[in-house]
Amino acid sequence: QVHLVESGGGLVQAGGSLRLSCAASGRTFSTYAMGWFRQAPGKEREFVAAISPTGTTTRYADSVKGRFTISRDNAQNTVYLQMNSLKPEDTAVYYCAARIGGIPSTHPNYDYWGQGTQVTVSS
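Presented here is an overview of the structure given in this document. Fair warning: this is a prediction, and the values are worked out from it, not measured in the lab.

About the cut-offs
- Residues numbered from 1 in each chain as written.
- Predicted model: local features only at pLDDT ≥ 70, side-chain atom pairs only at ≥ 80, totals over all residues.
- Heavy atoms only, no water.
- Helix = DSSP H or I, 4+ residues; strand = E, 2+ residues; numbered from the N terminus.
- Contact = heavy atoms within 4.5 Å.
- Phe/Tyr/Trp six-rings, centres within 6.5 Å; stacked < 30°, edge-to-face > 60°.
- Buried < 20%, exposed > 50% of the residue type's maximum accessible area, 1.4 Å probe, protein only.
- Lys NZ or Arg CZ within 6 Å of the ring centre and 35° of its normal.

So, on to the environment of Gln 13. Mapped onto the fold, Gln 13 is located in strand S2 (residues 10-13). Along the backbone, Gln 13 and Ser 122 are 109 residues apart, and their C-alpha atoms lie at a distance of 4.8 Å. The contacts of Gln 13, once residues within four sequence positions are left out, are Val 121 and Ser 122.

Next comes the structure, spelled out in structure tokens:
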């Protein structure tokens, strides 16, 4: 069982930056692929970024490539999402997820989910 807690969301102006953190419980964090997804009001949950257990492989949605960076610190059981050049369309609840097996999937077929953190980008 893995318990995930996101933090770092908030209100920011367009063009600004935020860094989301996701702290995981348990001693097997380094064996999980981790992902970030987001869901805007009235829309389906969508993939944002994912990272392999060792951090050597990362994947991004086209909409965030070049602006967002996913990283992880296995010693701290934490995964991060650095978000730069934010746009109003990035406004959503951002969810952290963990996937058994190590594949940084772009599909929401993850095994554990956090409760989400709100990111609001004003124009």
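In this section: the packing of aromatic side chains. Taken as a whole, this structure holds five aromatic pairs when the rule is applied. Relative to Tyr 110, the ring of Phe 37 has its centre 5.3 Å away and its plane inclined at 75°; by these criteria the two rings are edge-to-face. Highlighted residues: Phe 37 in strand S4 (residues 33-39) and Tyr 110 in the loop between strand S9 (92-99) and strand S10 (112-113), separated in sequence by 73 residues. Taking the relative accessible area as the measure of exposure, Phe 37 reaches 1% and is therefore buried. Among the residues examined, Tyr 110 registers a relative accessible area of 7% and is labelled buried. With centroids separated by 6.2 Å and ring planes inclined at 65°, the aromatic side chains of Tyr 110 and Trp 113 adopt a geometry described as edge-to-face. Grouped by ring-pair contacts, the aromatic residues Phe 37, Phe 47, Tyr 110 and Trp 113 constitute a single cluster. Directly above the ring of Trp 113 sits Arg 45, whose terminal nitrogen or CZ lies 4.7 Å from the centroid.

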